[in-house]
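# Summary of structural features
One letter stands for each residue in the lines below.
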Amino acid sequence: MTFAWFARQKHEWRVHLIRLPRDNVEAALRTGRLIESPTQSSVPPWLKAIEGVSIDELETGRIESVKSYREYAQSRLATITPFLNPEFELAFDGAARPERLFKKTLAAVWEPQRDDNPPDTTAESPELTQPHNPPNALRTLLWYCAFRLFGCQIESLIPAFSGIGNWSREKWVGDGKRLGRPNKSSGSLHGHSAVAIADRIQNAYVRNVDLGKTMVAIHEKALRDEFGCKVQTLSNGRKSWFHPEGLAFPTYQQFRYWVLKTFSLEDVQRNRWGDARFRSRMAATVGSFSQDSANYLETAEADVYYIPELPRQVLSREPAPALLVCRLTDMVTGNIFGVGFSSGGEKAEAYSLAQFCAVVPRNLMGRIFGIHLTDDDWVGRGLPSRGIYDRGAGSSPKANGVGQAASPIKELAPSWSGQSKATVESSHPRHTNLEGEPT
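Our subject in this report is the structure included herewith. (Residues numbered from 1 in each chain as written. Predicted model: local features only at pLDDT ≥ 70, side-chain atom pairs only at ≥ 80, totals over all residues. Heavy atoms only, no water.)

### Regarding the overall build of the protein
Operational definition: Per the convention used, a helix needs a DSSP run of H or I reaching at least four residues, while a strand needs a run of E reaching at least two, with both numbered from the N terminus. Pairs of residues are marked as contacts when any of their non-hydrogen atoms sit within 4.5 Å. All accessible-area figures derive from a Shrake-Rupley calculation using a 1.4 Å probe, and residue coverage is judged against the displayed protein chains alone.
Helix and strand counts for the protein stand at 13 helices and nine strands. Long-range contacts, defined as pairs at least 24 residues apart, comprise 54% of the intrachain contacts of the protein with a sequence gap of at least 6. As displayed, the protein offers around 28400 Å² of accessible surface, 53% of which is attributable to carbon and sulfur atoms.

Here it is as structure tokens:
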């Protein structure tokens, strides 16, 4: 009797065929030395992760696939079809060396087809025709045994794409060989595996991380202090790290890989740039700033900015202190519905004047400034139900009023956080910096 044993060898699965006399098998069954496994799988071991999932259901999770799972399975079925007949199966099961019989039969099947019968490209079902190039004998034997042992179901022939990228590097601690692509200049024997020193890498990063410190600087300090490495000058003048006793130490890519695996890219960027810059420059978007508001004047933001031009004093031609403009900006529409001013710095009167401007008729504001202004020229009037201010003069009671004049909901933005008032901050006048030779 022939027994099949599936095992993974390096990067591929192989089937090992074991031939035992029938008398020995029957004796082992009677004595209990050979027993049936309590759990029987319906798919080969390389498809264990997707057992019970249909081919059509697997296709729903693929994006821009070149071939479908069914096309792969049908192509493999076409390869092993010449062996799926009672005569060969009987000879295969009774052969003393079934692997040799399979390889010999495969060569006999393919030689005449390769020389005399090119594949028919006009067939109505090209997926059922054999591929033009001769298949690998060991791989074809694996498909043949998997198809026969698991109920002759086409699902047993689909490729194990679901396992790509899911292997664990921790399983390769023992051999000490460096994982990944071999070094271009030194070959595959250069370097050490970083799996055994992963804990030291993580501890070294925690001890040396600091705001503004790059990963390169952390790696260099870790090599000197944690791993005891030194710098040597090669014959071509380049500098390289080495360990005096030949012990393992991580390269920069190995160091970065294990740091990111433990702490995530977001934590590493936050540790280097700080919370404020990470939030404004690197953090993923979480939606629109106005998504929490739906109506006009539901939420408003207030902020001030300096005018670059200096005003003239009333009684002389000397320049007066800098003038600041406070603007109330609606968060949904971006409309500016209130404007206030203060002289010499950010003061509460600028915010109170902006609220005054927001509620009075537009023609009154026009008469105050000596211009003709109507409600159609400047639409939108009223006070918001929720106001967002910074922690300066805009947070004082004098700036927001008391009683019914104050906003029902008042929110203070964090210090040095422009994104907390993004609508009004982005509406401030800006100066364009020109590059190149000055003119």
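### Observations concerning the pairing of strand β1 (residues 2-9)
Note the following rule: Each pair of strands is called paired provided DSSP finds at least two bridges between the two strands.
Sheet topology note: the β1/strand β2 (residues 12-19) ladder contains eight bridges and is antiparallel. If you follow Gln9 over to β2, its bridge partner there is Glu12.

### What to know about the packing of helix α4 (residues 86-94) against helix α6 (residues 137-149)
The criterion, for reference: All axes here are fitted lines through C-alpha atoms, helices being fitted over the stretch that makes contact, and every angle between N-to-C directions spans 0 to 180 degrees. Geometric relationships in this document are graded by angle, where less than 35 degrees denotes roughly parallel, more than 145 denotes roughly antiparallel, 65 to 115 denotes roughly perpendicular, and other angles denote oblique. Polar here means any residue outside two lists: the nonpolar Ala, Val, Leu, Ile, Met, Phe, Trp, Tyr, Cys and Pro, and the charged Asp, Glu, Lys and Arg; Gly therefore counts as polar.
Running from N to C, α4 and α6 point in directions that differ by 100 degrees, and their axes come no closer than 14 Å. The angle between the axes of α4 and α6 places the two elements in the roughly perpendicular class. Together, Phe88, Glu89, Phe92 and Asp93 of α4 and Leu141, Tyr144, Cys145 and Arg148 of α6 make up the contact between the two elements. Residue composition of the contact of α4 with α6, by class: five nonpolar, no polar and three charged.

### Let's talk about the environment of Trp110
Our working definition: Burial classification: accessible surface area is computed with a 1.4 Å probe over protein chains only, and a residue below 20% of its type maximum counts as buried, one above 50% as exposed, and the rest as partly exposed.
Topologically, Trp110 is positioned in helix α5 (residues 98-116). By relative accessible area, which is 6% here, Trp110 ends up buried. The spacing of Trp110 and Pro135 is 25 residues in sequence and 9.0 Å in space, taken between C-alpha atoms.

### Quick look at unusual backbone geometry
The backbone of Cys152 shows a phi angle near 55 degrees, a positive value even though the residue is not glycine. By the element assignment, Cys152 lies in the loop between α6 and α7 (198-208). Judged by its relative accessible area of 45%, Cys152 falls in the partly exposed class.

### So, a nonpolar patch on the surface
This is how the line gets drawn: In this analysis, a patch consists of residues with relative accessible area above 30% that form no salt bridge, clustered at 9 Å for like charges and at 5 Å for the nonpolar side chains Val, Leu, Ile, Met, Phe, Trp and Tyr. The term salt bridge refers to a pairing of a side-chain nitrogen on Lys or Arg with a carboxyl oxygen on Asp or Glu at a separation within 4 Å.
A contiguous nonpolar surface patch, about 390 Å² in accessible area, is contributed by Phe356, Ile368, Phe369 and Ile371. Take Phe356: it is sitting in helix α10 (residues 348-359). On the basis of relative accessibility, which here comes to 37%, the residue Phe356 falls in the partly exposed class.

### So, the sheet that holds strand β7 (residues 336-343)
Read from one edge of the open sheet, five strands run β7-β6-β5-β8-β9, paired in mixed fashion. If you trace the sheet from one side to the other, it starts and ends with β7 and β9 (409-412), each paired once. For this sheet the average axis-to-axis angle between neighbouring strands, irrespective of direction, equals 25 degrees. Across seven bridges, strand β6 (residues 323-330) lies against β7 in antiparallel orientation. Bridge assignment links Leu324 to a residue of β7, and that residue is Ser342.

### Considerations on the environment of Pro98
Counting through the fold element by element, Pro98 comes out in helix α5. With 79 residues separating them in the primary sequence, Pro98 and Arg19 have C-alpha atoms 8.5 Å apart. In this structure, Pro98 is in contact with Thr2, Leu17 and Phe92, ignoring residues within four places of it in sequence.

### Some thoughts on the packing of aromatic side chains
Defined as follows: Stacked, edge-to-face and tilted labels apply to pairs of Phe, Tyr and Trp rings (six-membered ring for Trp) whose centres lie within 6.5 Å, assigned for plane angles under 30 degrees, over 60, and everything in between, in that order. A ring has a charge above it when a Lys NZ or an Arg CZ is no more than 6 Å from the ring centre and no more than 35 degrees off the ring normal.
Per the counting criterion, the structure on display carries 18 aromatic pairs. Taking 5.4 Å as the distance between ring centres and 85 degrees as the angle between the ring planes, the aromatic pair formed by Tyr72 and Phe161 counts as edge-to-face. On the criterion of sequence distance, the pair formed by Tyr72 in helix α3 (residues 69-80) and Phe161 in the loop between α6 and α7 is long-range, its members being 89 residues apart. Ring centres 5.5 Å apart and planes at 40 degrees place the aromatic pair Phe102 and Tyr144 in the tilted group. Taken as a pair, Phe102 in helix α5 and Tyr144 in helix α6 lie far apart in primary sequence, 42 residues in all. An aromatic cluster is built from Phe83, Phe88, Phe92, Phe102 and Tyr144, whose rings are joined through pairwise contacts. The ring of Tyr72 carries Lys67 above its face, with NZ or CZ at 4.6 Å from the centroid. One cation-aromatic arrangement involves Arg362 over Trp378; the distance from NZ or CZ to the ring centre is 4.0 Å.

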